[in-house]
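# Secondary and tertiary structure notes
The primary structure of each chain is shown beneath.
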Amino acid sequence: MKTVFKNIILSIFLVIPLLGNAQYHRQESTLYFPDLDEYKTYKCDFHIHTAFSDGQVWPDYRVTEAIMDGLDVIAITDHIEYTPHEDYLNCDHNSSFEIAKQEGERHGVLVIKGAEITRSMPPGHLNAIFIQDANKLDTEDVMDAVAEAHNQGGFIFWNHPCWDAQQPDTVIWFDIHTEMYNNDYIDGIEVVNFSDFCPEAWAWAKEKDLTILSNSDIHSTTQMSKFVKHRPITLVFAKDLTESDIRNGLEDKRTALFYNECIYGDEELISQLLIKSLLIEKRYDKENNKIFFDIHNISSAPIILIPSDNTPKYAIPKRLYIGAKSNIHFYVNTKDIDTRSITLKVENFFTGTDEELDFNLDL
Ligand SMILES: [Zn+2]
Ligand SMILES: [Zn+2]
């Protein structure tokens with residue numbers, strides 16, 4: 001009896017650390033970004049495949065992955081024109097959404113109905129999300145498909161314009177894209193797709209006032225996918241976790257991209273995201289002209305700060321790397337500094353191609 005009791009006690013001690021580790025691991029890998037003043041920050045992936053087109057998994061598993069990654073919103077966007085498993089499955093184009101939606105409702109993940117209109121270039125592939133009936137997008141003429149998606153109230157974006165399988169040597173905006181754009185059929189564009197960043201897409205988004213998106217376009221599982229450092233996601237700044245608020249966020253271009261441990265987006269939005277991500281504590285040592293800083297980054301994006309050229313070299317470390325969900329300690333030497341703040345470049349927050357965000361560290 002004594003031995004049994006001892007074994008139970010021993011098992012408890014053995015199990016507790018294992019449970020602790022598992023929980024810890026989950027928290028570390030779950031994506032987190034703070035809310036802004038007026039809007040909440042939602043982590044979204046608007047381009048996802050399942051076995052109902054050429055994806056490898058059942059639709060409800062996409063919700064499981066979303067939970068593991070800490071996502072709030074996913075869109076199921078199976079190909080309309082490419083369904084290699086149709087001998088084994090009913091490839092009704094609405095089925096994958098229906099299955100994922102039920103699972104999403106059980107776990108608080110918002111699942112949006114979508115489809116990928118899949119053509120050779122031009123126009124390439126376009127995603128339509130917030131649609132009513134994906135089967136009606138199965139049309140001969142691609143313009144009829146986007147018109148139908150638009151008439152269903154869909155939000156349409158051009159996928160992976162830089163994909164080298166479709167644009168190997170050049171990245172061109174074709175006449176058919178202009179025709180779609182003039183008809184109000186293109187609302188957004190993927191600047192990031194899977195492991196690729198497309199600078200041309202970002203330039204077009206700025207020029208034509210399109211919403212920028214960053215999506216996984218996942219076919220395999222998240223664990224098996226060779227993402228650049230992490231799953232790429234779109235941050236949508238919206239009032240609430242509802243279809244209409246997320247849609248409003250997309251329409252009003254309240255998005256930022258998280259890709260390759262960098263943030264891309266509108267200056268005002270990502271500047272606020274940065275400020276909300278940093279908890280700053282200061283301690284003054286006036287006698288020695290020093291200010292000791294303790295900065296905690298609560299977000300999943302590392303934050304890399306570089307002093308501007310006019311800051312004296314001895315004043316502040318030449319590169320401050322604040323890891324995701326991590327702390328940093330350093331001091332500023334205020335001798336000969338007459339400003340009330342130091343201007344830093346945020347090396348991994350971009351407001352345009354090669355345009356880094358500025359951040360003022362108050363002294
Ligand atoms: Zn595609
Ligand atoms: Zn796709």
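This is a predicted model, so every value here is computed, not measured.

Rules used throughout
Residues numbered from 1 in each chain as written. Chains lettered and ligands numbered in written order. Predicted model: local features only at pLDDT ≥ 70, side-chain atom pairs only at ≥ 80, totals over all residues. Heavy atoms only, no water. Salt bridge = Lys/Arg side-chain N within 4 Å of Asp/Glu carboxyl O. Helix = DSSP H or I, 4+ residues; strand = E, 2+ residues; numbered from the N terminus. Buried < 20%, exposed > 50% of the residue type's maximum accessible area, 1.4 Å probe, protein only. Disulfide = S-S within 2.5 Å. Donors = N, O, S within 2.8 Å, 3.2 Å for Na, K, Ca; no water.

Another aspect to go through is the pattern of salt bridges. Taken as a whole, this structure holds 14 salt bridges when the rule is applied. In this structure, Arg231 and Asp45 form a salt bridge, with 2.9 Å as the shortest nitrogen-oxygen distance. Pair noted here: Arg231 is in the loop between strand E8 (211-215) and strand E9 (233-238) and Asp45 is in strand E1 (residues 40-48), with a separation of 186 residues, a long-range link. You'll find Arg231 and Asp45 in the same group, each marked buried.

Before going further, it helps to spend a moment on the state of the cysteines. The final tally for this structure, using the stated rule, is one disulfide. Note that Cys162 is cross-linked by a disulfide to Cys198, the S-S spacing being 2.1 Å. Around the S-S axis, the bridge from Cys162 to Cys198 shows a dihedral of about 65° and counts as right-handed. Taken together, the residues Cys162 in the loop between strand E5 (155-158) and helix H5 (175-182) and Cys198 in the loop between strand E7 (196-197) and helix H6 (199-208) connect sequence positions 36 residues apart. A relative accessible area of 21% means that Cys162 is categorised as partly exposed. You can call Cys198 buried: its relative accessible area is 3%. Summary of cysteine pairing: Cys44 is not part of a disulfide, and the nearest cysteine sulfur, belonging to Cys262, is at 19 Å. This cysteine, Cys262, is not joined by any disulfide, and Cys198 carries the nearest cysteine sulfur, 16 Å off.

Here the focus is the coordination of the zinc ion (ligand 2). Around the zinc ion (ligand 2), the donor atoms from the protein are His47 (NE2), His49 (NE2), Glu116 (OE) and Asp217 (OD), and they sit 2.0 to 2.3 Å away. In terms of primary sequence, the donors binding the zinc ion (ligand 2) are separated according to H-x1-H-x66-E-x100-D. The distance between the zinc ion (ligand 2) and the zinc ion (ligand 1) is 3.4 Å, with Glu116 acting as a donor to both metals. Of the residues examined, His49 reaches a relative accessible area of 0% and is grouped as buried.

That's the geometry; what it means functionally is another story.
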